[in-house]
Amino acid sequence: PLLYEEAAEGMFDRNEAGQLTSMANVLNQEMIKFNRLHKALKTTLGQIGKAIKGLIVMTNELEGMFHSLLNNQVPGLWSKVAYPSLKPLASWIKDFNARMTFMRQWLVEGCAEE
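The structure reproduced in this document is the subject of the present report. (Residues numbered from 1 in each chain as written. Predicted model: local features only at pLDDT ≥ 70, side-chain atom pairs only at ≥ 80, totals over all residues. Heavy atoms only, no water.)

Brief notes about helix H4 (residues 89-109)
Side chains three or four residues apart in an α-helix point the same way, a direct result of the helix having 3.6 residues per turn. Operational definition: Where helices and strands are cited, they refer to DSSP runs of H or I of at least four residues and of E of at least two residues respectively, numbered from the N terminus. In a helix, the anticipated span is given by 1.5 Å times the number of residues less one. Between buried and exposed lies partly exposed: a residue is buried under 20% and exposed over 50% of the maximum accessible area for its type, with that area taken using a 1.4 Å probe on protein chains only. To obtain the arc, one takes the directions from the helix axis to the C-beta atoms.
Taking 1.5 Å per residue, 21 residues should reach 30 Å; H4 reaches 30 Å between its end C-alpha atoms and fits that length. Of all the positions in H4, only Leu89, Trp92, Asp95, Phe96, Met100, Met103, Trp106 and Leu107 are classed as buried. Seen along its axis, H4 keeps its buried residues to an arc of 135°; they face one direction. Exposed and oriented more than 90 degrees from the buried face of H4 are Lys94, Thr101, Phe102 and Glu109.

Encoded structure:
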């Protein structure tokens, strides 16, 4: 996940009016969205692993996710909290990782002056 503790010094400092800069505001909103998506991936992958092993019941949602994974499609459990994309699963995962890397770099190193 993207953590506020990793932020570059001054990244989320407020101006005289008590507001974040526009770039910090955008980053903050993207962090919230991508952390939600990251949590959904982590949770559902853990659940499907347990369901395949027979440790928990395979619900209809998990079965649908399993079939999506087999067919190289983004599972509905992920797409409902993700950004819009028409990519197949393999390309979507690469894109998701690239976006997380970009945002982590932005968070840690800061951004160019507005």
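Remarks on the side chain of Asp95
To be explicit about the condition: Polar contacts, as counted here, are pairs of nitrogen or oxygen atoms within 3.5 Å of one another; within protein the pair requires one atom able to donate a hydrogen and one able to accept it, and residues that are adjacent in sequence qualify only if both atoms are side-chain atoms. Residue contacts are defined here by distance: any two heavy atoms, one from each residue, within 4.5 Å place the two residues in contact.
Assignment of secondary structure puts Asp95 in helix H4. Look at Asp95 and you get buried, because its relative accessible area is 15%. There is a polar contact of 2.9 Å between the side chain of Asp95 and the side chain of Tyr83. Beyond its immediate chain neighbours, meaning those up to four positions away, Asp95 contacts Tyr83 and Lys87.

So, helix H1 (residues 22-53)
The first and last C-alpha atoms of H1 sit 47 Å apart over 32 residues, in line with the 46 Å expected at 1.5 Å per residue. Those residues of H1 that sit buried are Ala24, Leu27, Asn28, Met31, Phe34, Leu37, Ala40, Leu41, Thr44, Ile48 and Ala51. The secondary structure elements touched by the buried residues of H1 are helix H2 (60-70), helix H3 (76-79) and H4.

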